[in-house]
Amino acid sequence: MTKKMGCLVFVIVAAVLGKVVEQQQASSAAQAEAALSPEERHVRDSTRAESDRLTALQQRGDAAVRAAKSAVTSRLKDPESVRFGRTWAGGDSMRVGCGYVNAKNSFGGYTGEELFAGNAAIAVTESDLKRLTGSDRTAARALMRVCDTVITITRKR
């Protein structure tokens, strides 16, 4: 029975100490906040806002790449053979997923890497541009231009 009591006392003391440390940290944070000048607060708030904006942009880009990969994979003759190379997001608010894809054709051989572009609604590869006509071709070219722009900018660096 004494071992159980000892364990219970230990848990209670640990919880109380944890609460004390938590209160001290909150008090220190409040003191640090009060010590900031208006300019320092503005810089801190601006930095946080920019960080939040960049995080949201990165998340939209990641979602665009996932959607484009999914759309490309769903169109393949052998979806399980897909190999994605470098991927990135581009366009207004990072809403276009781009990258390179390689997959097996009907003969069982890999076709070689080709550029793809897409979003949740449409995905195209370079070879699709040869087969598409009319408004489909126009939409596909617009997506590919976004990816080409990012490639061009990256190469210049």
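An account of the accompanying structure is given in this report. (Residues numbered from 1 in each chain as written. Predicted model: local features only at pLDDT ≥ 70, side-chain atom pairs only at ≥ 80, totals over all residues. Heavy atoms only, no water.)

**Brief notes about the overall build of the protein chain**
- Across its full length, the protein chain holds four helices and four strands.
- Its helices and strands in sequence order give the protein chain the pattern α-α-β-β-β-β-α-α, from N to C terminus.
- Computed over C-alpha atoms, the radius of gyration of the protein chain comes to 27 Å, more than 25% over the 15 Å expected from 2.2 N^0.38 for 157 residues, which places it beyond the range of a compact globule.
- Considered along the principal axes of its C-alpha atoms, the protein chain spans approximately 75 × 55 × 30 Å. (Helix = DSSP H or I, 4+ residues; strand = E, 2+ residues; numbered from the N terminus. Rg over C-alpha atoms; globule rule 2.2 N^0.38 Å.)

**Looking at the sheet that holds strand S4 (residues 123–125)**
- Overall, antiparallel pairing links the four strands, which are arranged S1-S2-S3-S4 in an open sheet. Taken across any chain shown, the strands that pair with only one partner, and hence form the sheet edges, are strand S1 (83–90) and S4. Ignoring strand direction, the axes of neighbouring strands in this sheet form an average angle of 20°.
- Alignment of strand S3 (residues 114–118) against S4, held across three bridges, turns out to be antiparallel. (Pairing = 2+ DSSP bridges. Axes fitted to C-alpha atoms, helices over the stretch in contact; angles between N-to-C directions.)

**What about a nonpolar patch on the surface?**
- On the surface, Met-5, Leu-8, Ile-12, Val-16 and Val-20 cluster together into a nonpolar patch covering about 440 Å² of accessible area.
- Tracing the backbone shows Met-5 in helix H1 (residues 2–35). (Patch = residues over 30% accessible without salt bridge, like charges linked within 9 Å, V, L, I, M, F, W, Y side chains within 5 Å. Areas by Shrake-Rupley, 256 points an atom, 1.4 Å probe, with all protein chains shown as cover. Salt bridge = Lys/Arg side-chain N within 4 Å of Asp/Glu carboxyl O.)

**Here's the deal with the state of the cysteines**
- As enumerated under the stated definition, the model contains one disulfide in all.
- Across the disulfide from Cys-98 sits Cys-147; the S-S distance is 1.9 Å. Disulfide Cys-98-Cys-147: the torsion about the S-S bond is -85°, which places it as left-handed. Here Cys-147 lies in helix H4 (residues 134–156) and Cys-98 lies in strand S2 (residues 96–102), a separation of 49 residues in the sequence. The exposure classification of Cys-98 matches that of Cys-147, with both residues buried. (Disulfide = S-S within 2.5 Å. Buried < 20%, exposed > 50% of the residue type's maximum accessible area, 1.4 Å probe, protein only.)

**Describing the pattern of salt bridges**
- Throughout the structure, instances matching the rule amount to five salt bridges.
- Between Glu-22 and Lys-19 there is a salt bridge, with the nearest N and O atoms lying 3.7 Å from each other. One end of the pair, Glu-22, and the other, Lys-19, are both in helix H1, three residues apart, so they sit about a helical turn from each other.
- Salt-bridge contacts for Asp-128 lead to Arg-75; the nearest nitrogen and oxygen are separated by 2.8 Å.

**A closer look at the pairing of S2**
- Most of S2 is tucked away, with six of its seven residues classed as buried.
- Across six bridges, the pairing between S1 and S2 is antiparallel. In the strand pairing of S2, Ala-89 is matched with Gly-97.
- Two strands pair when backbone bridges link them, and S2 and S3 are joined in this way by five bridges, in the antiparallel orientation. Following the sheet pairing, Gly-97 is matched in S3 by Gly-118.

**Looking at the side chain of Thr-125**
- Mapped onto the secondary structure, Thr-125 falls in strand S4.
- Since its relative accessible area comes to 6%, Thr-125 is described here as buried.
- In contact with Thr-125, other than residues within four places in its own chain, are Arg-75, Val-101, Glu-114, Leu-115, Phe-116 and Met-144. (Contact = heavy atoms within 4.5 Å.)

**Description of the packing of aromatic side chains**
- Under the counting rule described, the total for this entry stands at two aromatic pairs.
- Taking 5.5 Å as the distance between ring centres and 70° as the angle between the ring planes, the aromatic pair formed by Phe-84 and Phe-116 counts as edge-to-face. In this pair, Phe-84 sits in strand S1 while Phe-116 sits in strand S3, placing the two residues 32 residues apart along the sequence.
- Using a relative accessible area of 26% as the deciding quantity, one classes Phe-84 as partly exposed. (Phe/Tyr/Trp six-rings, centres within 6.5 Å; stacked < 30°, edge-to-face > 60°.)

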